[in-house]
Amino acid sequence: GLDPELLEPHVGPIIKQLSDSTLQVRLSALEVLVRIDATVLEGWEPPVVRQLSDESLPSRRAAFRVLVRLGAKELARYDHTIAERLKDRDALVRRLALEVLGKFDPQVIAPHATGVVQQLGSEEMELRRAALEALDRLHAPALR
């Protein structure tokens, strides 16, 4: 990753670019954020999470590439927003959503079990695998 000490003071201005009206600027900001040490991004989750509902598919994918590197503790409060992406038309976005959900404790995943189970019907092997891994985090009673 990029040197955390050099970039830490600049994360705010980079994050600010996520609200730019130009897709290329938002994507470029997300690409820089992917390379920044995850510890430097703590506390900056909300603007990245907002990118999950961007109309641009590359933006949603890039936002997940940032989020998948962050800790479950920081992301658990966004479980509903992340689980909403299980309905995304793009299989990669759905798989990345499953990877993030799979980091959470069982009680955080449980309300989204139905959406996770629905991914088992996908033709995409990686999507089914990610769904199974997320379900594996659940205790058996949550599946009943």
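Given the structure is predicted, the values throughout are model-derived calculations rather than measurements.

The rules behind these values
- Residues numbered from 1 in each chain as written.
- Predicted model: local features only at pLDDT ≥ 70, side-chain atom pairs only at ≥ 80, totals over all residues.
- Heavy atoms only, no water.
- Axes fitted to C-alpha atoms, helices over the stretch in contact; angles between N-to-C directions.
- Helix = DSSP H or I, 4+ residues; strand = E, 2+ residues; numbered from the N terminus.
- Parallel < 35°, antiparallel > 145°, perpendicular 65-115°, else oblique.
- Left-handed = near helix turned anticlockwise from the far one by under 90°.
- Contact = heavy atoms within 4.5 Å.
- Nonpolar A, V, L, I, M, F, W, Y, C, P; charged D, E, K, R; others polar.
- Core = buried A, V, L, I, M, F, W, Y, C linked by side-chain atoms within 4.5 Å.
- Buried < 20%, exposed > 50% of the residue type's maximum accessible area, 1.4 Å probe, protein only.
- Polar contact = N/O pair within 3.5 Å; in protein donor to acceptor, adjacent residues only side chain to side chain.
- Salt bridge = Lys/Arg side-chain N within 4 Å of Asp/Glu carboxyl O.

**Q** I'm lost on the packing of helix H9 (residues 91-101) against helix H12 (residues 125-136) in this one. Help?
**A** Contact pair H9 / H12: the axes reach a minimum separation of 9 Å and the direction vectors enclose 20°. Of the possible angle classes, the one that applies to H9 and H12 is roughly parallel. Remark: the crossing between H9 and H12 carries left-handed chirality. Across the interface between the two elements, Ala-91, Arg-94, Arg-95, Leu-98 and Glu-99 from H9 touch Glu-126, Leu-127, Arg-129, Ala-130, Ala-131 and Ala-134 from H12. Of the residues assigned to the contact of H9 with H12, the class counts are 6 nonpolar, no polar and 5 charged.

**Q** Would you take a moment to explain the nonpolar core for this structure?
**A** Side chains that are nonpolar tend, in soluble globular proteins, to be buried together. Among the nonpolar cores identified, the biggest contains 44 residues, and Leu-33, Val-48 and Ile-82 are the most heavily contacted of them. With 7 residues, the top contributor of residues to this core is H9. Setting aside chain neighbours within four positions, we find Leu-33 in contact with Ile-14, Ile-15, Leu-18, Leu-41, Val-48, Val-66 and Arg-69.

**Q** It is not clear to me how the side chain of Gln-51 should be interpreted in this structure. Could you clarify?
**A** By the secondary structure assignment, Gln-51 is in the loop between helix H5 (45-50) and helix H6 (57-67). Owing to a relative accessible area of 6%, Gln-51 belongs among the buried residues under this scheme. Beyond its immediate chain neighbours, meaning those up to four positions away, Gln-51 contacts Leu-18, Arg-26, Leu-30, Ser-59, Arg-60 and Ala-63.

**Q** Teacher, can you tell me more about H9 here?
**A** In an α-helix there are 3.6 residues to a turn, and that puts residues three or four apart on one side. H9 sits mainly inside the fold: 8 of its 11 residues count as buried. Those residues of H9 not exposed but buried are Ala-91, Val-93, Arg-94, Leu-96, Ala-97, Leu-98, Val-100 and Leu-101. Packing partners of the buried residues in H9 comprise H6, helix H7 (72-75), helix H8 (79-84), helix H10 (106-109), helix H11 (113-118) and H12. One side-chain oxygen at the N-terminal end of H9 lies 3.2 Å from the backbone nitrogen of Leu-92; it belongs to Asp-90.

**Q** What should I look at first to understand the packing of helix H3 (residues 23-35) against H6 in this one?
**A** For any two helices packed against each other, one specifies the inter-axial angle together with the distance between the axes. Interhelical geometry of H3 versus H6 gives an angle of 20° and a closest axis separation of 9 Å. One element, H3, and the other, H6, form an angle in the roughly parallel class. In this structure, H3 crosses over H6, and the sense of that crossing is left-handed. The segment H3 lies against H6, with Leu-23, Arg-26, Leu-27, Leu-30, Glu-31, Leu-33 and Val-34 engaging Pro-58, Ser-59, Ala-62, Ala-63, Arg-65 and Val-66. Residue classes in the contact of H3 with H6 are distributed as 9 nonpolar, 1 polar and 3 charged.

**Q** What exactly am I supposed to notice about the pattern of salt bridges here?
**A** Should the charged atoms of two oppositely charged side chains come close, the side chains can pair. Counting across every chain of the model gives 12 salt bridges. The partner of Arg-85 in a salt bridge is Asp-88, and the shortest N-O contact between them spans 3.0 Å. On the basis of relative accessible area, Arg-85 is assigned to the buried category, the value being 17%. For Asp-88, a relative accessible area of 3% gives the class buried.

**Q** Hey, could you run me through H6 in this one?
**A** For H6, the complete set of buried residues consists of Ser-59, Arg-60, Ala-62, Ala-63, Phe-64, Val-66 and Leu-67. Packing partners of the buried residues in H6 comprise H3, helix H4 (38-41), H5, H7, H8 and H9.

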